[in-house]
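# Residue-level structural notes
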Amino acid sequence: MLYVNDEKYFTKNELEKRAKENGFTAMDPVEKFLWGCEIASLLQSFNDHIILKGGAAVQMHLPLNLQRASVDIDLVMDINEKEFEKVLDRIVENEVYSYDVYEPKNPNENIPLKTYLFKVPSVLYPDDGPIDIKIDAIFDSCKVPLSILTDVKTFAIDVKKIKTYKNTALIGDKLLTLGENTIGITDQSNYPKQLYDVYNLINIVEINEKIINEIISSIESVSNKEIKYRNYGGGIKDIINDVIICLKMHSEVDLSQYIGDMKKYLHGFQSMYLSSEQRNVKFYDWSKRFNQVRFLAEVLLNLFEDEISATEAVKCYNKAIEGQDIRNTIQHILNHADRLPYYKELRVKPIHRVFWEIVTPEKIDAIIDECNL
């Protein structure tokens, strides 16, 4: 069989060894990630208009210890489906691979999307027949920053070359998925992986004016497409406000009053997709993650509303990042809290969790001043 990446990765022993070394115990998602990387590389070797986005693309930008498994491939391309299927047909000529078109039950006819099930031989269970790798292909122009990455180390495979959305474009794209009532995800069980990706991306980049402007332009490009696809009647500011509302709601996951299903979804996500290092994250740390991403969304909303400049947005966000290492009493932070039904419960939470709960772009200066930072 001809591989684009080194064939040594496609043995059961090597896959199990790498999974163990990197702390993964659920092997099926690891194998699907391995094949997802290979298929994306293979497709791009035939046509460089094919761009990897989504969860698999995010992992290409993250260090090994933060990477998660991903079981499908999201692609975007400015070629039509006939041209793409010509590429697929050329790949399956050797009869090692095959593919089927997947017919969803309730397709959105406005979205130029087609789903394929690409069949590959299982590395883990070769006697059980082929496994399906789902490919969601969007046939539309891609007007966001891109990256061509080489020698990318992942927990399953070292990828020689891959063309993806740039990290800033992925932040903008993934952030928009968190607005459940507008253009975001409709299956809430997928929320943890979207939040996980955004949170880790914003923590590995240095937020400066260039980064902020690229995130903003990506949000504009992606949201305008999604508004059209979904016949959504609102605008970008409505979408970001929805993201903020949803993140705020889910940030209460560690509180006794929380009655949603997010705890269950977080458990499932951690057990299936994360390494042992990341599986032990507490609910209060997830709350911190929800709130830090919410804070960034609030900063971006202020930018879209022309209340602040890009320079001020960078200063505001980075001030909060510096402030999270606060060494003071929780009461100093809670002095800036609005009337909250869970005020007493916050008093016994870790200080970083409380900080991100209370901080907003409007409150950041007062909180920093009171805590003498």
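Our structure's up above, just so we're on the same page.
Everything quoted here is computed from the prediction, not taken from an experiment.

### Description of helix H4 (residues 81-91)
Residues Phe84, Glu85, Val87, Leu88 and Ile91 constitute the buried set of H4. Projected onto a plane normal to the axis of H4, the buried residues spread over an arc of 150 degrees and lie on a single side. Opposite the buried face of H4, at more than 90 degrees from it, the exposed residues are Lys82, Lys86 and Arg90. Buried positions along H4 lie against helix H2 (27-46), strand E1 (50-53), strand E2 (72-77), strand E3 (98-102), strand E4 (113-121) and strand E5 (130-139). For H4, the N-terminal cap is Asn80; the gap from its side-chain oxygen to the backbone nitrogen of Lys82 is 3.1 Å.

### What about the packing of helix H11 (residues 283-304) against helix H15 (residues 351-358)?
Axes are the key here: two packed helices are described by the angle between their axes and the distance separating the axes. Where H11 meets H15, the axes come as close as 8 Å, and the angle between the chain directions of the two elements is 30 degrees. The angle between H11 and H15 places the two elements in the roughly parallel class. Handedness of the crossing formed by H11 with H15: left-handed. Facing Tyr284, Asp285, Ser287, Lys288, Asn291, Gln292, Arg294 and Phe295 of H11, the residues of H15 in contact are His352, Arg353, Trp356 and Glu357. Residues that form the contact of H11 with H15 fall into these classes: three nonpolar, four polar and five charged.

### Let's talk about the layout of surface pockets
Roughly 190 Å³ of volume is contained in the second largest pocket. Lining the second largest pocket are Val4, Ser41, Gln44, Ser45, Asp48, Ile50, Ile148, Lys160, Lys161, Ile162 and Lys163. A total of four residues in the lining of the second largest pocket trace back to one element, the largest contributor, which is strand E7 (residues 158-165). Split into classes, the residues belonging to the lining of the second largest pocket amount to four nonpolar, three polar and four charged.

### Structural notes on the environment of Thr360
Looking at where Thr360 falls in the secondary structure, it is placed in the loop between H15 and helix H16 (364-370). What makes Thr360 buried here is its relative accessible area of 15%. Between the C-alpha atoms of Thr360 and Tyr97, which are 263 residues apart in sequence, the distance is 51 Å. Not counting the four nearest positions on each side in its chain, Thr360 is found in contact with Arg294, Phe295 and Glu298.

### Examining a negative patch on the surface
The grouping of Glu305, Asp306, Glu307 and Glu362 at the surface amounts to a negative patch. Considering the arrangement of structural elements, one finds Glu307 in the loop between H11 and helix H12 (310-323).

### Looking at the nonpolar core
Counting residues in each nonpolar core, the largest one holds 133 residues, and the members touching the most others are Trp35, Leu43, Phe84 and Phe118. Element by element, the count of residues in this core is highest for H11, at 11 residues. Contacts of Phe118, omitting those with residues within four sequence positions, involve Ile39, Leu88, Ile91, Val92, Tyr97, Ser98, Tyr99, Ile131, Asp132, Ile133 and Ile135.

### Regarding the environment of Asn291
Note on placement: Asn291 falls in helix H11. It is 23 Å that separates the C-alpha atoms of Asn291 and Glu220, two residues lying 71 residues apart in sequence. Contact partners of Asn291, with chain neighbours within four places excluded, come to Lys248, Ser251, Arg353, Trp356 and Glu357.

### Here we look at the side chain of Lys349
Among the secondary structure elements, Lys349 is positioned in the loop between helix H14 (343-346) and H15. Lys349 gets classed as buried once you look at its relative accessible area, which sits at 15%. Separated by 3.0 Å, the side chain of Lys349 and the backbone oxygen of Asp254 make a polar contact. Other than its neighbours up to four places away in sequence, Lys349 contacts Asp254, Leu255, Ile330 and Val354.

### Re the pairing of E7
Sheet analysis places strand E6 (residues 146-153) next to E7, joined by seven bridges and oriented antiparallel. Residue Ile148 lies in a different strand from E7, and its bridge partner there is Lys163. Adjacent in sequence and paired antiparallel, E6 and E7 are bridged by four residues.

### Quick word on unusual backbone geometry
One can expect most non-glycine residues to show negative phi and most peptide bonds to be in trans. Look at Asp151: it is not a glycine, yet its phi comes out positive at around 50 degrees. With respect to the secondary-structure elements, Asp151 resides in strand E6. At Asn231, a residue that is not glycine, the phi angle is positive and equals roughly 55 degrees. With respect to the secondary-structure elements, Asn231 resides in the loop between helix H7 (209-230) and helix H8 (236-250).

Cut-offs used in this document
Residues numbered from 1 in each chain as written. Predicted model: local features only at pLDDT ≥ 70, side-chain atom pairs only at ≥ 80, totals over all residues. Heavy atoms only, no water. Buried < 20%, exposed > 50% of the residue type's maximum accessible area, 1.4 Å probe, protein only. Helix = DSSP H or I, 4+ residues; strand = E, 2+ residues; numbered from the N terminus. Arc of directions from axis to C-beta. Contact = heavy atoms within 4.5 Å. Polar contact = N/O pair within 3.5 Å; in protein donor to acceptor, adjacent residues only side chain to side chain. Axes fitted to C-alpha atoms, helices over the stretch in contact; angles between N-to-C directions. Parallel < 35°, antiparallel > 145°, perpendicular 65-115°, else oblique. Left-handed = near helix turned anticlockwise from the far one by under 90°. Nonpolar A, V, L, I, M, F, W, Y, C, P; charged D, E, K, R; others polar. 1 Å grid on protein atoms, 1.4 Å probe; cavity = no way out; pocket = protein on both sides within 12 Å on 5 of 7 lines; lining within 4 Å. Points joined across faces, edges and corners; volume = space filled by probe spheres on them. Patch = residues over 30% accessible without salt bridge, like charges linked within 9 Å, V, L, I, M, F, W, Y side chains within 5 Å. Areas by Shrake-Rupley, 256 points an atom, 1.4 Å probe, with all protein chains shown as cover. Salt bridge = Lys/Arg side-chain N within 4 Å of Asp/Glu carboxyl O. Lys, Arg positive; Asp, Glu negative; His and termini not counted. Charge placed at Lys NZ, Arg CZ, Asp CG, Glu CD. Core = buried A, V, L, I, M, F, W, Y, C linked by side-chain atoms within 4.5 Å. Pairing = 2+ DSSP bridges.

That's the geometry; what it means functionally is another story.
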